[in-house]
Amino acid sequence: MALLGGLLGLDGISCVQSMVARPIVAGPLAGLVIGDPVAGMWAGALLELVSLKQLPIGANRHWDTGPAAVAAAVAASTVSPAGTALVVGVGFGALVGWAGSWSIHAMRHLNAQVVASQVGRPMAPYELDFRHLVAMTIDFVRAVLLTLTAVLCVLVVTPHVGGAPQSAVTFSAVALLVAAAAALGVVIGTMARGRVVVIAFGVGVLISTVVTLWLR
Amino acid sequence: MAALNRQLRLRFLLRSLMIQGSWNYRTMQGGGLGFALVPMLRKLYGQDREALNASVGRHAGFFNAHPYLATVAITALARMEEEGATVDQIERFKSALVSPLGSLGDRLVWARWRPLCVFVALVPFLAGAPWWAATCLFLILYNAMQMSMRIWGLRLGWHEGRDVGRALMSSRLRRLPDRLTIPLAIAGGAVLPPLVLAFGGPSGASPIPVIGIALVLAALGYSRPTTARRAVTVGIVAASIILVGLEMTVW
């Protein structure tokens with residue numbers, strides 16, 4: 001699981017950025033590894049809505065979503081009942097994502113030493129290749145350690161969790177819905193604004209309501 | 001101008017996938033740009049070690065752009081090197097490319113295409129489609145655009161060379177973010193009803209009032225994004241801590 005987190009962390013920024021590290025993919029992948037991809041997908045879908053607003057622009061600090069989704073999926077798969085598990089999973093995911101953003105921040109300072117300390121001076125091609133690959137290795141190790149720590153924390157806590165009362169399950173569902181709906185509005189407001197956007201959003205809600213109720 | 005041979009194009013593409021590998025606060029993507037240009041610089045300077053090392057060192061200086069559109073800069077710089085542009089011309093060209101490549105890529109990919117792909121994949125999942133279908137749909141849609149942009153950038157940069165800025169401004173890609181705004185908002189709205197039914201739908205009763213409440217919450221998120229984002233994050237973390245505490249108490 002830690003190796004998976006490492007690979008996902010690498011995809012997040014350093015290599016390819018194919019979005020395998022997004023919670024909507026990383027969540028079910030981690031769930032698949034531990035045998036419950038559906039729980040992983042639910043945790044990933046909610047974490048995706050909560051984290052989608054963060055844009056990896058320039059020096060912006062943003063959550064490390066790969067290890068976060070792995071932690072969320074592990075928590076969501078091991079806690080029961082499902083409703084409570086999702087809140088715990090997304091909560092864990094948010095904490096790990098936030099911790100991940102600080103680890104990326106520290107890594108970027110370290111990279112300045114590894115790669116940018118020679119700026120302006122002649123550099124052999126193999127030296128640049130080597131320094132660049134060292135920086136990528138640091139990113140991989142960072143994500144492995146972050147995921148390992150997160151999964152160990154989840155595994156320490158979850159065996160002691162179980163048998164929540166019905167009120168807690170209901171509370172969980174309401175908390176998730178409130179968070180997801182508000183996060184959706186935040187995402188739309190961050191990406192695009194204006195009267196046309198609001199009207200188009202309303203049209204989307206209307207069409208989807210009709211189709212969803214018809215399918216129901 | 002010689003054509004960019006297939007082997008070199010493939011090397012540029014593969015190395016461009018790692019352009020952010022050494023991202024740092026001092027030179028940002030500079031190390032990655034130098035890393036991506038190494039095959040061309042080796043080819044151009046051959047055995048002239050001094051010129052080769054000086055060129056690699058220069059290209060590893062400050063640079064930043066959207067990672068997918070950085071391919072435009074890679075091949076445009078490669079062509080300028082091939083045409084024998086001066087150090088000053090190359091440095092001014094690099095500085096001039098940072099802003100347009102960054103803003104176009106950020107607006108198109110991070111602010112439009114990625115959330116649109118997420119919403120398009122989430123709607124069927126929340127409505128009951130299998131998880132793998134949603135995940136595959138997201139990956140295929142997103143990466144079709146990602147790879148197209150990288151390959152298009154490689155061709156454009158090599159073809160236009162130092163005139164790439166003008167070509168970029170007149171390209172269709174520049175108008176794409178505006179064209180994706182309405183589809184993005186519609187897809188975002190379409191997520192809300194199946195989300196309500198999945199989490200908050202009252203069993204047996206009409207879900208429309210709950211969809212209305214969710215719509216109000218989304219409107220709050222839209223109009224007060226910073227407050228809502230903080231409240232959502234703090235709320236989820238607090239709720240999970242309370243629930244873990246509650247369940248441990250029960251246990």
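Asks: How would you sum up the pattern of salt bridges? Please name residues and give values.
Replies: A full pass over the atoms with the stated rule returns twelve salt bridges over all chains. The residue A:R142 makes a salt bridge to A:D64 at a minimum N-O spacing of 2.7 Å. Taken together, the positions of A:R142 in helix α6 (residues 125-157) and A:D64 in the loop between α3 (37-51) and α4 (65-78) put the pair 78 residues apart, joining distant regions of the chain. Residue classification places A:D64 among the buried residues on the basis of a relative accessible area of 4%. The residue B:R166 makes a salt bridge to B:D163 at a minimum N-O spacing of 3.8 Å. Each of A:D64, A:D139 and A:R142 takes part in a single network of salt bridges with overlapping partners.

Asks: Describe empty space enclosed by the protein, listing the residues and the values that go with them.
Replies: Counted according to the given criterion, the structure contains four cavities of 30 Å³ or more. If you add up the space inside the largest cavity, you get close to 170 Å³. Elements that contribute at least two residues to the lining of the largest cavity include exactly α1 (2-12) and α4 of chain A together with α5 (87-126) of chain B. Taken together, the residues of the lining of the largest cavity sort by class into seven nonpolar, seven polar and four charged.

Asks: Hey, could you go over the packing of helix α8 (residues 195-215) of chain A against helix α9 (residues 208-223) of chain B for me, with residue numbers and the actual values?
Replies: Interhelical geometry of α8(A) versus α9(B) gives an angle of 155° and a closest axis separation of 12 Å. On the basis of the axis angle, α8(A) is roughly antiparallel to α9(B). Between α8(A) and α9(B) lies a crossing of right-handed hand. Along the contact surface, α8(A) presents A:V197, A:V198, A:F201, A:V205, A:T209 and A:L213, while α9(B) presents B:I208, B:I211, B:L215, B:A218 and B:Y222.

Asks: Explain the nonpolar core residue by residue, including any values.
Replies: Counting 140 residues, the largest nonpolar core has B:F12, B:F119, B:F138, B:Y142 and B:L192 as the members making the most contacts within it. Of the residues forming this core, the biggest block, 18 residues, is contributed by α5(B). The residues touching B:F138, leaving out its near neighbours within four places in the chain, are A:M19, A:R22, A:I24, A:V25, B:R114, B:C117, B:V118 and B:A121. Counting five residues, the second largest nonpolar core, distinct from the first, contains A:L10, A:C15, A:M136 and B:F35.

Asks: An account of the interface of chain A and chain B is needed here, citing residue identities and associated values.
Replies: Counting from both sides, the interface comprises 104 residues of chain A and, opposite them, 97 residues of chain B. Together, A:P125, A:H132 and A:L177 form the three largest contributors to the area buried by chain A at its contact with chain B, with a combined 7%. At the boundary of chain A and chain B, one finds one salt bridge. Close ionic contact of B:R15 with A:D129 constitutes a salt bridge, the shortest N to O distance being 3.1 Å.

Asks: Break down the environment of B:R107 for me, with residues and values.
Replies: All names here are of chain B. Locating R107 in the fold gives a position in helix α5. With 89 residues separating them along the chain, R107 and M18 place their C-alpha atoms 21 Å apart. What R107 contacts, discounting residues up to four positions off in sequence, is R112, R174, P177 and D178. At a separation of 2.9 Å, a polar atom in the side chain of R107 contacts the side chain of D178.

Asks: Mind laying out a positive patch on the surface, listing which residues take part and the relevant values?
Replies: Together, B:R172, B:R174, B:R175 and B:R179 give the surface a local cluster of positive charge. Here B:R179 is to be found in helix α8 (residues 176-199).

Asks: Account for the side chain of A:D129, naming residues and giving values.
Replies: Tracing the sequence through the fold places A:D129 in helix α6. The residues contacting A:D129, other than those within four sequence positions of it, are B:R15, B:F35, B:V38 and B:R42.

Asks: Could you give me a rundown of the side chain of A:S103, with the residues and numbers involved?
Replies: All names here are of chain A. Residue placement: S103 occurs in helix α5 (residues 82-114). S103 sits in the buried class, given a relative accessible area of 19%. Apart from residues no more than four positions distant in its own chain, S103 is found in contact with R142 and L146.

Asks: Mind laying out the packing of aromatic side chains, listing which residues take part and the relevant values?
Replies: All names here are of chain B. In the structure shown here, the tally under the stated rule is five aromatic pairs over all chains. Taking 6.2 Å as the distance between ring centres and 70° as the angle between the ring planes, the aromatic pair formed by Y68 and Y142 counts as edge-to-face. Here Y68, found in the loop between α3 (49-59) and α4 (70-82), pairs with Y142, found in helix α6 (residues 131-160); they are 74 residues apart in sequence, far enough to count as distant. Taking the relative accessible area as the measure of exposure, Y142 reaches 1% and is therefore buried. A ring pair is formed by F138 and Y142, whose centres lie 5.9 Å apart and whose planes are at 25°; its orientation type is stacked.

Asks: Any details on the packing of helix α7 (residues 166-191) of chain A against α8(B)? Residues and values, ideally.
Replies: Contact geometry for α7(A) and α8(B): axes closest at 10 Å, N-to-C directions at 180°. Considered as vectors, α7(A) and α8(B) are oriented roughly antiparallel to each other. Contacts from A:A173, A:L176, A:L177, A:A180, A:A181, A:L184, A:I188 and A:M191 in α7(A) reach B:L184, B:A185, B:G188, B:V191, B:L192, B:L195, B:V196 and B:F199 in α8(B). Tallied by class, the residues present in the contact of α7(A) with α8(B) amount to 15 nonpolar, one polar and no charged.

Asks: If you had to explain the environment of B:V120 to someone new, which residues and values would you point to?
Replies: Residue and element names in this part refer to chain B. By the secondary structure assignment, V120 is in helix α5. Considering only alpha carbons, one finds V120 and M80, 40 residues apart in sequence, at a separation of 41 Å. Beyond its immediate sequence surroundings of up to four residues, V120 is in contact with L137 and L141.

Asks: Tell me about the layout of surface pockets, and please be specific about residues and values.
Replies: Empty space within the largest pocket amounts to approximately 450 Å³. Mapped onto the lining of the largest pocket, the elements with two or more residues apiece are α3, α5 and α7 of chain A together with α10 (225-250) of chain B. Counted by class, the lining of the largest pocket contains 13 nonpolar, six polar and four charged residues.

Criteria and cut-off values
Residues numbered from 1 in each chain as written. Chains lettered and ligands numbered in written order. Predicted model: local features only at pLDDT ≥ 70, side-chain atom pairs only at ≥ 80, totals over all residues. Heavy atoms only, no water. Salt bridge = Lys/Arg side-chain N within 4 Å of Asp/Glu carboxyl O. Helix = DSSP H or I, 4+ residues; strand = E, 2+ residues; numbered from the N terminus. Buried < 20%, exposed > 50% of the residue type's maximum accessible area, 1.4 Å probe, protein only. 1 Å grid on protein atoms, 1.4 Å probe; cavity = no way out; pocket = protein on both sides within 12 Å on 5 of 7 lines; lining within 4 Å. Points joined across faces, edges and corners; volume = space filled by probe spheres on them. Nonpolar A, V, L, I, M, F, W, Y, C, P; charged D, E, K, R; others polar. Axes fitted to C-alpha atoms, helices over the stretch in contact; angles between N-to-C directions. Parallel < 35°, antiparallel > 145°, perpendicular 65-115°, else oblique. Left-handed = near helix turned anticlockwise from the far one by under 90°. Contact = heavy atoms within 4.5 Å. Core = buried A, V, L, I, M, F, W, Y, C linked by side-chain atoms within 4.5 Å. Buried area = accessible area lost by both parts, 1.4 Å probe. Polar contact = N/O pair within 3.5 Å; in protein donor to acceptor, adjacent residues only side chain to side chain. Patch = residues over 30% accessible without salt bridge, like charges linked within 9 Å, V, L, I, M, F, W, Y side chains within 5 Å. Areas by Shrake-Rupley, 256 points an atom, 1.4 Å probe, with all protein chains shown as cover. Lys, Arg positive; Asp, Glu negative; His and termini not counted. Charge placed at Lys NZ, Arg CZ, Asp CG, Glu CD. Phe/Tyr/Trp six-rings, centres within 6.5 Å; stacked < 30°, edge-to-face > 60°.

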